[in-house]
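# Survey of secondary and tertiary structure
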Amino acid sequence: METLESTKELLEKDKKELKENKSELSDSKKAKEEKQSDYKDKMKQQEKVLKDLEKQQSDVKKLLSSLDQSSKTYQNYISNLEAEKKAADAEINQILSEYYANQNGGTTKPTLPAQNANPVTKPDSNGSYNSGDSWAWPLGSAACYISSPYGNRDASISGWSFHGGVDIAGGSGKLHGKPVYATRGGTVITAVTSDSGYGIYVLIDHGGGYSSLYAHMSVRYVNVGDTVQKGQMIGRVGSTGNSTGAHLHFEIRYYGEKQDPMKYVKKP
Ligand SMILES: [Zn+2]
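Predicted model only: the values in this text are computed from it and were never measured.

The rules behind each value
Residues numbered from 1 in each chain as written. Predicted model: local features only at pLDDT ≥ 70, side-chain atom pairs only at ≥ 80, totals over all residues. Helix = DSSP H or I, 4+ residues; strand = E, 2+ residues; numbered from the N terminus. Buried ≥ 20, exposed ≤ 12 C-beta atoms within 10 Å, placed from the backbone. Contact = placed C-beta atoms within 7 Å. Pairing = 2+ DSSP bridges. pLDDT = per-residue confidence, 0-100. Core = buried A, V, L, I, M, F, W, Y, C linked by C-beta atoms within 7 Å.

The next subject is the overall build of the protein chain. The helix and strand inventory of the protein chain stands at 2 helices and 12 strands. Listing the helices and strands of the protein chain from first to last along the sequence gives α-β-β-α-β-β-β-β-β-β-β-β-β-β. Taken over 268 residues, the protein chain has a buried fraction of 28%. Long-range pairs, those at least 24 residues apart, make up 66% of the contacts in the protein chain with a sequence separation of at least 6.

Right, let's get into unusual backbone geometry. Phi is positive for histidine 216, which is not a glycine, with a value near 65°. Tracing the backbone through its elements, the reader meets histidine 216 in strand β8 (residues 210-220).

A separate point is the pairing of strand β4 (residues 166-169). On a regular strand, each side chain points to the face opposite its neighbour's, so the side chains alternate between the two faces of the sheet. Of the two faces of β4, the one holding Val166 and Ile168 and the one holding Asp167 and Ala169 are both buried throughout. Inspection of the sheet shows strand β1 (residues 145-148) paired to β4 by 3 bridges, in the antiparallel sense. Note on β4: the bridge partner recorded for serine 148 is aspartate 167. Sheet topology note: the β4/strand β11 (residues 247-254) ladder contains 4 bridges and is antiparallel. Each residue of the ladder has a partner; that of alanine 169, found in β11, is histidine 247.

Across the protein chain, the average pLDDT comes to 84, with 85% of residues at 70 or higher. Helix α2 (residues 155-158) is the least confidently modelled element of the protein chain, averaging 54 in pLDDT, while strand β10 (residues 233-237) averages 98, the highest of any element. Segment residues 114-124 is flagged for pLDDT under 50; beyond a separation of four residues in sequence, or across chains, it makes 18 contacts in the model. Across residues 126-132, where pLDDT falls below 50, the model places 13 contacts with residues more than four positions away in sequence or in other chains.

This brings us to the nonpolar core. Formed by 38 residues in total, the largest nonpolar core has its most connected members in Val180, Tyr201 and Tyr214. For this core, the secondary-structure elements that each account for two or more residues are α1 (2-104), β4, β5 (179-181), β6 (186-192), β7 (200-207), β8, β10 and β11. Residue contacts for tyrosine 201: discarding those within four places in its chain leaves Val192, Leu213, Tyr214, Ala215 and Met217.

To continue, consider the environment of leucine 175. Its location among the elements puts leucine 175 in the loop between β4 and β5. On the basis of neighbour counts, which here come to 25 C-beta atoms within 10 Å, the residue leucine 175 falls in the buried class. Once the C-alpha coordinates of leucine 175 and alanine 143 are considered, the two residues, 32 residues apart in sequence, prove to be 7.7 Å apart. Apart from residues lying up to four places away in sequence, leucine 175 is in contact with Ala142, Cys144, Ala169, Gly170, Val237, Ala246 and His247.

As a further point, take the pairing of β7. The buried fraction of β7 is high, at 7 of 8 residues. Of the strand pairs in this sheet, β6 and β7 are connected by 5 bridges, and their pairing is antiparallel. Pairing of threonine 190 across the sheet is with leucine 203, part of β7. Linking β7 back to β8 in an antiparallel pair, the connection comprises 2 residues, with glycine 208 at a positive phi of about 65°.

Following this line, the structure appears as structure tokens:
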């Protein structure tokens, strides 16, 4: 009997231990499950980060491709502008070569007189260009700067390596509507109103083989055959034709040959 009692006790003890073990096992299982769930959450987060990165990468790719497209469009636009300007330039060459051929009966043009044969002077104290015998600055006293000088340009940017005049601008279109003055007295030989090429432009013969050109104006006040005085208002600055902003494209030519205008006129 005593043995039976002790056996029962032992069994009870075992049972208790087993219960404890079971509970421990269940705890560790829970911990494992929790860890697994944490791990799953982390995986999910990482997947999300990866997806976000992929999305960003694709956005950047899209942006780059659209930038590339814009740059191509811009380059096309510039090369179209330059093509139109070339056409306008060829037109002026044609006009002047015919003009002088008719005038001289096709004889050879005289050699260019020395630059200092035409001294550069500033406007007089009244701001008038109508006195003296020099070349007047075509924009009077309007604040301006040379946005593109005469001569060779970076063809990789402009697509056109030679600039036959000076571009005079005022910054943020400030020159728009400012008066344009004849650099010297003479006769208007071409007066064009067009929305391509040089836009609204005037070509004046000053005699002695000299001529001047005023392009991209917003309006012109003279017609072919008009006699103009030096300093006379012939139009206003604009951005007509193939132009990217208000500026005056100004040329001085000798028997149709382009000269550096800055050797004749002086910016006040
Ligand atoms: Zn120009």
